[in-house]
Amino acid sequence: MKIAIAQLNPTIGDLSNNAQKILEAAQQAAVQGARLLLTPELSLCGYPPRDLLLNPSFVAAMGMKLQQLATDLPPNLYVLVGTVSPNLKADSTGGKSLFNSIALLRDGQVKQIFHKRLLPTYDVFDENRYFEPGLQANYFTLDNLDIGVTICEDLWNDEQFFGKRNYAVNPIADLAILRVDLIVNLSASPYSLGKQQSRESMLQHSAVRFSQAIIYTNQVGGNDDLIFDGRSFALNRQGEIVCRARGFTTDLVIVEFDQAQRDLQLSSVAPVYQSQEEEIWQALVLGVRDYAQKCHFSQVLLGLSGGIDSALVATIAAAAVGKENVLGVLMPSPYSSEHSVSDALALGENLGIQTTILKIGELMSGFDHTLADLFAGTEFGIAQENIQSRIRGNLLMAIANKFNYLLLSTGNKSEMAVGYCTLYGDMNGGLAVIADLPKTRVYSLCHWLNRDREIIPANILTKPPSAELKPGQLDQDSLPSYDILDDILERYIHNHQSAAQIMATGHDPVIVNQVIQMVARAEFKRRQAPPGLKITDRAFGTGWRMPIASNWGAVKNAW
Ligand SMILES: NC(=O)c1ccc[n+]([C@@H]2O[C@H](COP(=O)([O-])OP(=O)(O)OC[C@H]3O[C@@H](n4cnc5c(N)ncnc54)[C@H](O)[C@@H]3O)[C@@H](O)[C@H]2O)c1
Ligand SMILES: Nc1ncnc2c1ncn2[C@@H]1O[C@H](COP(=O)(O)O)[C@@H](O)[C@H]1O
Ligand SMILES: N[C@@H](CCC(=O)O)C(=O)O
Ligand SMILES: O=P(O)(O)OP(=O)(O)O
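Residues numbered from 1 in each chain as written. Chains lettered and ligands numbered in written order. Predicted model: local features only at pLDDT ≥ 70, side-chain atom pairs only at ≥ 80, totals over all residues. Heavy atoms only, no water.

Engineer: Describe in detail the site of ligand 4, supporting the description with residues and values.
Structural biologist: The immediate surroundings of ligand 4 are formed by S305, G307, I308, D309, S310, E415, K439, P465 and S466. S305 places a polar side-chain atom, nitrogen or oxygen, 2.5 Å from an oxygen atom of ligand 4. Note that an oxygen atom of ligand 4 is positioned 3.3 Å from one of the backbone N or O atoms of I308. Calculation on ligand 4 without its partners gives an accessible area of 270 Å², and the protein chains cover 86% of this total. Looking at the shell around ligand 4, the element that brings in the most residues is helix α8 (residues 308–321), giving three residues. (Near = heavy atom within 4 Å. Polar contact = N/O pair within 3.5 Å; in protein donor to acceptor, adjacent residues only side chain to side chain. Areas by Shrake-Rupley, 256 points an atom, 1.4 Å probe, with all protein chains shown as cover. Helix = DSSP H or I, 4+ residues; strand = E, 2+ residues; numbered from the N terminus.)

Structure follows, in structure tokens:
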């Protein structure tokens, strides 16, 4: 039996176009002789729909679209579609009003509905807010095969693999007891670095442990801060990968279930593990492309300083939306170095993007003049330095607003962590492209980009980072060196280590305390930052929920 995996890229809430994508995949699958088509979790509305689910008219429209899709699908093909369904007992039991479900469609009808059993609530997930958990093991019978149905998190509870039980039940174990022939999984699993290795080793473990063939279908595409990498795959009962779809792009793959052997056959196995840099690059390009497209922007702009952060963002942007659709704005001030302009122009030329120069000296004088009386008798300080950044931010938003460009902001994760950025200045923008990349990773990605030929000019790679807001200023005047800063941040933010634990690894206690205080104090800035593309398992986005007015971490030695 041929089973098709449709690795789709839905737009959240675009029910008609999402249904059309499912229909087109079904037509292709039917032509290729498939009997069953799998689509991702919530494929009809896109994942994550968030609070759209609280809107009854949205839920009703999804129900109608599902019925229409069932009617439109090619005959004789069974199709699993991700949708929501009502919890009819909600009023009497006090539960949530919806299930996160899969509908089995065939010949114009919704044949069966299956509900997601394990609802994730950690990191970016908030499914208990909307959904009631399903209580039953889900399966259906097709051509004498019993096919177990699971939704995303349903597979993430193999206590032998994790070394602990994440939930009380394990849907795979329940299906194995029922002796199903095959388990399919419809997922919307967001990308983070190394996630595919975890998914594959987790499911290899479960496939072998329960002697179950598993087909895992993932969503692909960018939705706000989240990037879905696709890379759907299937495993036979021995835990061997028999098929792997492409990463970071849509795909339709057919796998063959051998009914005599009761197992999946080997089909096409795409190479899986690229270098970390290549993987991050593909994720960010997809994230920018889809954010722009799904928010209806065809052109983007950014401030080009001749520094490495803006150079990387410009390079990603050119790959995402086309070099002819990227505008780099150079805004030298009297404090800017000469190489600021020459390096930015060299980068612009290498990329083939448009560039323009707007000198900001006169605007700075205008600000100084207007503020002169109010600031009289005070020393020149950070507030005056930041005026340059705010003038640039203002000019960039004026251009974005005038010509309907998307402004990309260029802050990296190290800066966002410690607040080394100016609110309403360089933090302006619609999308923070590298906000989840520590500065050391910005460097490694740029070196990787230059592996065959120079894209990022050598001088941008070698000069010391500088905000250039006053003469001779370097980042390292205010911050520890980036390799030290990034190591402390990794331990504190990702590994949840305490100050004492970080100090025990040999870091200077004064620096550790300073960094932790800076992270706490910069929360108010991060809360006002544009959405940042998530590429790690701990990003400053929807999964980061810190208080702003808090004393924890802000007071020296408080922990
Ligand atoms: N702009 C750039 O291009 C750039 C780049 C790199 C580094 N930097 C550095 O970033 C720093 C920016 O300076 P900054 O942080 O003083 O400027 P800022 O204006 O971005 O933030 C400080 C201001 O925010 C407000 N604020 C402080 N705590 C708050 C809270 N809890 N809630 C609400 N508002 C609050 C206050 O008005 C305070 O003066 C400087 O050190 C600068 O050198 C800037
Ligand atoms: N001289 C500049 N021209 C254009 N854009 C600039 C300039 N200086 C800074 N920017 C923008 O602001 C961010 C942050 O700057 P840092 O150098 O990190 O302080 C930069 O990426 C540019 O987008
Ligand atoms: N834990 C899974 C599942 C999430 C889900 O159920 O959507 C993941 O991170 O990919
Ligand atoms: O933000 P940029 O591009 O100016 O990079 P750097 O901070 O390294 O100068």
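Structure's up, so let's keep going.
Engineer: Give me the site of ligand 3: which residues, what numbers.
Structural biologist: Taken together, 14 residues lie near ligand 3, and K116, Y122, C152, E153 and S189 sit nearest. Contact distances for ligand 3 include 3.3 Å between an oxygen atom and a side-chain N or O atom of E41. Between ligand 3 and K195, the relevant distance is 3.0 Å, taken from an oxygen atom to a side-chain nitrogen or oxygen of the residue. When ligand 3 sits alone it has 300 Å² of accessible area, and the protein chains cover 98% of it.

Engineer: Can you break down the UniProt feature "binding site: L-glutamine" (unreviewed entry) in the chain residue by residue, with the values?
Structural biologist: In this structure's numbering, the residues bearing the UniProt feature "binding site: L-glutamine" (unreviewed entry) are Y122, S189 and K195. Within the annotated group, the residues that form the lining of the second largest pocket are Y122, S189 and K195. In this view, S189 contacts C152, W156, K195, R199, Y216, N218, F228 and D229; residues no more than four positions away in its chain are not counted. Side chain to side chain, S189 and R199 meet in a polar contact 3.1 Å long. Take K195: its relative accessible area is 16%, and that puts it in the buried class. (UniProt positions renumbered as here; feature names shortened; annotations may be inferred. 1 Å grid on protein atoms, 1.4 Å probe; cavity = no way out; pocket = protein on both sides within 12 Å on 5 of 7 lines; lining within 4 Å. Contact = heavy atoms within 4.5 Å. Buried < 20%, exposed > 50% of the residue type's maximum accessible area, 1.4 Å probe, protein only.)

Engineer: Give me the pairing of strand β17 (residues 326–330): which residues, what numbers.
Structural biologist: In terms of burial, β17 is largely enclosed, as five of its five residues are buried. When strand β16 (residues 300–303) meets β17, the two strands line up parallel, connected through four bridges. Directly across from L301, in β17, lies its bridge partner L327. As a crossover connection, the stretch from β16 through α8 into β17 is right-handed. Two elements, β17 and strand β18 (residues 354–357), share four bridges in a ladder whose sense is parallel. By the bridge assignment for β18, L330 is matched with I357. Considered for its hand, the β-α-β crossover made up of β17, helix α9 (residues 338–351) and β18 is right-handed. (Pairing = 2+ DSSP bridges. Right-handed = clockwise from strand over helix to strand, strands pointing away.)

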